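Observations on the model geometry
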Amino acid sequence: MGYSVLGLAFGLLIQKAGYNWIWALFSSLFVYAGSMQFVLVSLLINQVPLATVVVTTLLVNSRHLFYGLSFIEKFKGLDKRRYYMIFSLTDETYALLTTLSNRGYKENEDDLMLAIAFLNQLYWITGSTLGAVLGSFVPFNTDGIEFAMAALFVVIVVEQFLANVNRKSTLIGFVCAITALMIFGPNQFLIAALGAVVIILLLLKPILGEKR
Amino acid sequence: MNIGHSLLIVAVTAISTLATRATPFILFSGKKRRVPNFIIYLSNLLPPAVMAILVVYALKELSFSSLEGYFPSLCAVGVTVVLHLIKRNTLLSIFGGVTVNMILVQHFHL
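Now for a description of the structure that goes with this document. (Residues numbered from 1 in each chain as written. Chains lettered and ligands numbered in written order. Predicted model: local features only at pLDDT ≥ 70, side-chain atom pairs only at ≥ 80, totals over all residues. Heavy atoms only, no water.)

1. Quick notes on the pattern of salt bridges
Here is the rule we go by: Any carboxyl oxygen of Asp or Glu that lies within 4 Å of a side-chain nitrogen of Lys or Arg is treated as forming a salt bridge with it. Strands are runs of DSSP state E lasting at least 2 residues, helices are runs of H or I lasting at least 4, and numbering of each runs from the N terminus. Burial here depends on accessible area, computed with a 1.4 Å probe over protein chains only, as a share of the maximum for the residue type. Under 20% is buried, over 50% is exposed, and the range in between is partly exposed.
Inspection of every chain in the model, using the stated rule, returns eight salt bridges over all chains. Notably, a salt bridge pairs Asp-143 of chain A with Lys-16 of chain A, separated by 3.5 Å at the nearest N-O pair. Here Lys-16 of chain A lies in helix 1 (residues 2-16) and Asp-143 of chain A lies in the loop between helix 8 (109-136) and helix 9 (147-162), a separation of 127 residues in the sequence. According to the relative accessible area criterion, Asp-143 of chain A is partly exposed, its value standing at 36%. Accessibility expressed as a relative area gives 35% for Lys-16 of chain A, which makes it partly exposed. Between Glu-61 of chain B and Lys-60 of chain B there is a salt bridge; the shortest N-O distance is 3.1 Å. The class for Glu-61 of chain B is exposed, based on a relative accessible area of 54%. What makes Lys-60 of chain B buried here is its relative accessible area of 9%. By sharing partners, the salt bridges in this structure join Lys-16, Asp-143 and Glu-146 of chain A into a single network.

Below, the structure is given as structure tokens:
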């Protein structure tokens, strides 16, 4: 299962940053967000102020706004169990649930959705905890393993590019990020870049919003 | 590392993540409340832009003043992209990129 391997990478990284498996376990239990947990490691390393944490998390996870919108109706039949579904609606779970509804399962759909969400988190927690434990006694030099975070994001961007999802938007993101990096330097640029992207996209809405 | 502040960072990340996931259910689950246009627009266009920013964020420590400062990472990015274009297997691409980066960082002191 791909999810636990990514979790393993997260566990190795957080362990390398000086946080043991308990941190990995609790992050995966309570935060439970793939890409954001990789960013979390770097937020921890840099010990950033909490306001930065809030803004970064809200924007990095902005795609979840979109995920939720497509499941408002679906989750209605789940009564209290839907709170867990909402909490655990990660990229992977969203993708799996989407294929599920495309295949048109009707019977036991609620239980199936819940099982998918729960198993996904279980894989993720297991992977990340194991990664952190392994990381504490790997016999070889792990320098350079930090690239896992970059690699994950590079893959997602390539994937979005291949799927032809708003390539202009990807480009705007790169331009904002590189400009902000040159102006504010590595430790301050993230918030500036994220803010700039929101403003620029809203300003370009008359142009970019047309096609949809 | 400051344990108190680190705990707060994890807690705040957890709460903010939950907030992004719960927002659509809280705001738009009423009977006929329509989702504002600009929210739909942003939820379509923001994610790809944010991912591009995260790529730069993950590579922010690159330094162009020495070959060692950028060569391993840029090679690794190249390998990741090419592998992904050929095989389109997420784990393989990540594994390939990380391996190349580790080898270059550890063994080639340029």
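The rest of the description comes next.
2. Some thoughts on a nonpolar patch on the surface
All names here are of chain A. Here is the rule we go by: Patch rule: a residue counts if its relative accessible area is over 30% and it has no salt bridge; like charges are joined within 9 Å, and nonpolar side chains (Val, Leu, Ile, Met, Phe, Trp, Tyr) within 5 Å. A 1.4 Å probe and the Shrake-Rupley method give the accessible areas. Residues count as covered only by the protein chains that appear here.
Together, Trp-21, Ile-22, Phe-26, Leu-29 and Phe-30 line one region of the surface with nonpolar side chains, adding up to about 470 Å² of accessible area. Within the fold, Trp-21 resides in helix 2 (residues 21-31). When its relative accessible area of 40% is taken as the criterion, Trp-21 is described as partly exposed.

3. Considering helix 1 of chain A
All names here are of chain A. In plain terms, the rule: Here the expected span of a helix is defined as 1.5 Å times the quantity of residues minus one.
The first and last C-alpha atoms of helix 1 sit 21 Å apart over 15 residues, in line with the 21 Å expected at 1.5 Å per residue. Within helix 1, eleven of the 15 residues are buried, which leaves the element mostly enclosed by the surrounding structure. For helix 1, the set of buried residues is Tyr-3, Ser-4, Leu-6, Gly-7, Ala-9, Phe-10, Gly-11, Leu-12, Leu-13, Ile-14 and Gln-15. The positive-phi residue at the C-terminal boundary of helix 1 is Gly-18, with phi of around 100°.

4. Side note on the packing of aromatic side chains
Worth spelling out the cut-off: Under the pairing criterion, centres of Phe, Tyr and Trp rings, with the six-membered ring standing for Trp, must be within 6.5 Å; the plane angle then separates stacked pairs below 30 degrees from edge-to-face pairs above 60, leaving the rest tilted. Ring-over charges, as used throughout, are those where CZ of Arg or NZ of Lys falls within 6 Å of the ring centre and within 35 degrees of the ring normal.
Per the stated rule, a full pass over the model turns up 14 aromatic pairs over all chains. Measuring from centroid to centroid gives 6.1 Å for Tyr-84 of chain A and Phe-87 of chain A, while their planes differ by 45°, and the two rings are tilted. With Tyr-84 of chain A and Phe-87 of chain A both in helix 6 (residues 82-87) and three residues apart, this pair spans about one turn of that helix. Each ring, one from Phe-189 of chain A and one from Tyr-57 of chain B, has its centre 6.2 Å from the other, and the planes form 40°; the classification is tilted. Remark: Tyr-57 of chain B occurs in helix 2 (residues 37-58) and Phe-189 of chain A occurs in helix 11 (residues 189-203); the pair is interchain, linking two chains. For the pair Phe-189 of chain A and Tyr-57 of chain B, one class covers both residues: buried. Three or more aromatic residues joined by ring pairs make a cluster, and in this case those are Tyr-3, Phe-10, Tyr-32, Phe-38, Tyr-84, Phe-87 and Trp-124 of chain A. A cation over an aromatic ring shows up here: Arg-82 of chain A above the ring of Tyr-83 of chain A, its NZ or CZ 5.2 Å from the ring centre. In this structure, Lys-205 of chain A is placed above the aromatic ring of Tyr-41 of chain B, and the distance from its NZ or CZ to the ring centre is 5.8 Å.

5. Observations concerning the interface of chain B and chain A
The test is simple: By definition, residues are in contact when any of their heavy atoms lie within 4.5 Å. Two parts placed together each lose some accessible area under a 1.4 Å probe, and adding up what both lose gives the buried area.
The interface is formed by 66 residues belonging to chain B together with 92 residues belonging to chain A. When residues of chain B are sorted by the area they lose upon contact with chain A, Arg-21, Phe-25 and Tyr-57 of chain B head the list and together hold 12% of the total. Counting across the chain B and chain A interface gives one salt bridge. A salt bridge links Arg-88 of chain B to Glu-159 of chain A, with the nearest nitrogen and oxygen atoms 2.8 Å apart. Counting residues per element, the ones that place at least two in the side of chain B that touches chain A are helix 1 (3-28), helix 2, helix 3 (67-87) and helix 4 (90-107) of chain B. Sorting elements by how many residues they give to the side of chain B that touches chain A places helix 1 of chain B first, with 21 residues.

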